[in-house]
Amino acid sequence: MVVLSNNDGCIIARSQEAKDLGIPMGEPVHKVKDFLRRERVHVYSSNYALYGDMSARVVAVLKRFTPYLEVYSIDESFLDLSGFADPAAHGRAVKDAVHQWTGLPVSVGIGATKTLAKIASRTAKKDPRHGGVFVIPDDPGDIDALLAALAADAVWGIGRRLARRLGKLGVVTALDLKRAEPKFIRSHLGVAVERTVLELRGIACLNLELARPDHKGIMVSRGFGRRITEYRDIAEAVATYAGRAAEKLRRQDLAANTLTVSLRTSPFDSHRQRYANAAGFAFPEATFDTAAMIAAAGRCLKRIYRPGLAYQKAGVFLDGLEKVGAMQLGLFANIDQDRKRALMRAVDRLNRDWGRDTVRFAAAGTRRPWMMKQKMRSPSYTTRWQDLKRVGN
């Protein structure tokens, strides 16, 4: 099975069977279409609503096992298991509960530091003998043997570029990195890599982030399903993106002081004129109101739109974020914030309970010829009433 990027362009996720067939990450799907059909590979469009909901369900399960949890990404979390007499048994219980309650297989890695836990998780995933759970051994010799078999770029935080620089310093494996002099590594590659060295030695340098930090900015940007030339269609897309950004903003109880709209043609189309531009708008007072953001986005779009061009992508960026409770209003502000907030809360609740765009602004349009291509998207089983599984007698 493989999953495609926005507009069904490239392969961005592969099952192990697809990897074994030699299908590379990032491969344009049109180049391997015949191969995928011949090998009977299942191809799916991205389904972000489903992924986000399933991620939230997994996190809800994990919270039953420890109150000290960091949600690192949509498919990964760190749990503090300090004080548990048998961490391995606890890890197996976590794995079994997630599979039972969500149907998702997970791997669990347990170590003294985040970096070692990541290595343990990788080992649990790659080696079926461990049954999906692996604990970094206590014996130093066993740890070194594990690290010696691991390339440096397989260590969390060490990408290919860093690995090449490490290779010039004689650091090829994870064990080489562990044995490197921390101050020497810091002088050549910075403090982040020095922390990795210490983490490989079992010295915790990266604490759990129990509370998610607020976003510094919120961006909603999408490529169009086809090239768009009409201003009305682009305006509808920009209004939709402004609405999405406003929803994300309110989810964190934030308000924005500035909004920026970006617009561009395809940078890869050599047969058409290339163009890219952006325009910003500063609100008189910070706002969380979708209507105000759509109006501001429309003003920005009028300043950068050029007729006669075939546009490929647009985006809306919110900046200058602050907590709603700490908003600085103007001296002569006459907006009823409580009433506006209640209206936005009602809209968000309806869309959350009955599906996205159950209630939307007219400026977002109805035809939406600019929508992303998602011809092979799986049903949103957990977020759309009409996609619920039906079981007959």
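One structure accompanies this document, and this report is about it.

### What to know about unusual backbone geometry
Even without a glycine there, the phi angle at asparagine 7 is positive, about 60 degrees. Position of asparagine 7 among the secondary structure elements: in the loop between strand 1 (2–4) and strand 2 (11–14). A residue is classified by how much of its surface remains accessible, and asparagine 7, at 18% relative accessible area, is buried. Positive phi values are uncommon outside glycine, yet aspartate 8 reaches one of about 55 degrees. Of note, aspartate 8 is situated in the loop between strand 1 and strand 2. Residue aspartate 8 is classed as buried on the basis of its relative accessible area of 12%.

### What about the pairing of strand 2?
Examined bridge by bridge, strand 1 and strand 2 share three bridges and lie antiparallel to one another. When the sheet's bridge partners are listed, valine 3 is paired in strand 2 with alanine 13. What sits between the antiparallel neighbours strand 1 and strand 2 is a turn of six residues, in which asparagine 7 has the positive phi angle 60 degrees.

### Topic: the pairing of strand 9 (residues 254–265)
Regular strands place side chains that alternate from one sheet face to the opposite one. With two bridges connecting them, strand 9 and strand 12 (residues 322–323) associate as antiparallel partners. By the bridge assignment, alanine 255 is partnered in strand 12 with glutamate 322. Sheet topology note: the strand 9/strand 10 (residues 276–287) ladder contains eight bridges and is antiparallel. Note on strand 10: the bridge partner recorded for leucine 263 is asparagine 277.

### A look at the packing of aromatic side chains
Following the criterion strictly, the structure yields eight aromatic pairs and no others. With a centroid separation of 5.6 Å and an interplanar angle of 70 degrees, the aromatic rings of tyrosine 72 and phenylalanine 78 are classed as edge-to-face. Judged by its relative accessible area of 37%, tyrosine 72 falls in the partly exposed class. Ring geometry for tyrosine 275 and tyrosine 311: centres 6.3 Å apart, planes at 75 degrees, overall edge-to-face. Of this pair, tyrosine 275 sits in the loop between strand 9 and strand 10 while tyrosine 311 sits in strand 11 (residues 311–319), placing them 36 residues apart in sequence. Since its relative accessible area comes to 16%, tyrosine 275 is described here as buried. Accessibility expressed as a relative area gives 0% for tyrosine 311, which makes it buried. By way of ring pairs, the aromatic residues Tyr231, Tyr275, Tyr305 and Tyr311 are connected into one cluster.

### A few points about the sheet that holds strand 2
On the basis of which strands lie adjacent, the open sheet formed by three strands has the order 2-1-3 and mixed pairing. Of all the strands in the sheet, just strand 2 and strand 3 (43–44) have a single pairing partner and so form its edges. As judged from the two bridges shared by strand 1 and strand 3, these two strands associate in the parallel manner. Across the sheet, valine 3 pairs through a bridge with tyrosine 44, a residue of strand 3.

### Comments concerning the pattern of salt bridges
Two side chains bearing opposite charge may form a pair once their charged atoms approach each other closely. A full pass over the atoms with the stated rule returns 14 salt bridges. With a shortest N-O distance of 2.8 Å, arginine 57 and aspartate 53 are connected by a salt bridge. On the criterion of helical spacing, the pair formed by arginine 57 and aspartate 53 is a turn pair, its members being four residues apart in helix 3 (residues 48–62). In this structure, the salt-bridge partner of aspartate 348 is arginine 250, at a minimum N-O distance of 2.7 Å. Of this pair, aspartate 348 sits in helix 13 (residues 337–354) while arginine 250 sits in helix 11 (residues 231–251), and the two are 98 residues apart along the sequence. On the basis of relative accessible area, aspartate 348 is assigned to the buried category, the value being 17%. Salt bridges sharing partners connect three or more residues here, namely Asp144, Lys178 and Arg179.

Calculation criteria
Residue numbers run consecutively from 1 along every chain, following the written order of its sequence. Side-chain atom pairs in this predicted model are given and counted only at pLDDT of 80 or more, local residue features only at pLDDT of at least 70, and totals for whole chains, interfaces and linings cover all residues. Excluded from the side-chain calculations are hydrogens and water; all other atoms, namely the structure's heavy atoms, are used. Numbering of helices and strands runs from the N terminus; a helix is a DSSP stretch of H or I covering at least four residues, while a strand is a stretch of E covering at least two. Summary of the burial criterion: residues with accessible area below 20% of their type's maximum are buried, those above 50% are exposed, and those between are partly exposed, where the area comes from a 1.4 Å probe applied to protein chains only. Should DSSP find at least two bridges between two strands, the strands are taken to pair. Centre distance within 6.5 Å is the pairing criterion for rings of Phe, Tyr and Trp, where only the six-membered ring of Trp is used; planes under 30 degrees apart are then read as stacked, over 60 as edge-to-face, and the remainder as tilted. Think of a salt bridge as a Lys or Arg side-chain nitrogen and an Asp or Glu carboxyl oxygen that are within 4 Å of each other.

Honestly, that's just the spatial picture; any functional story needs more than this.
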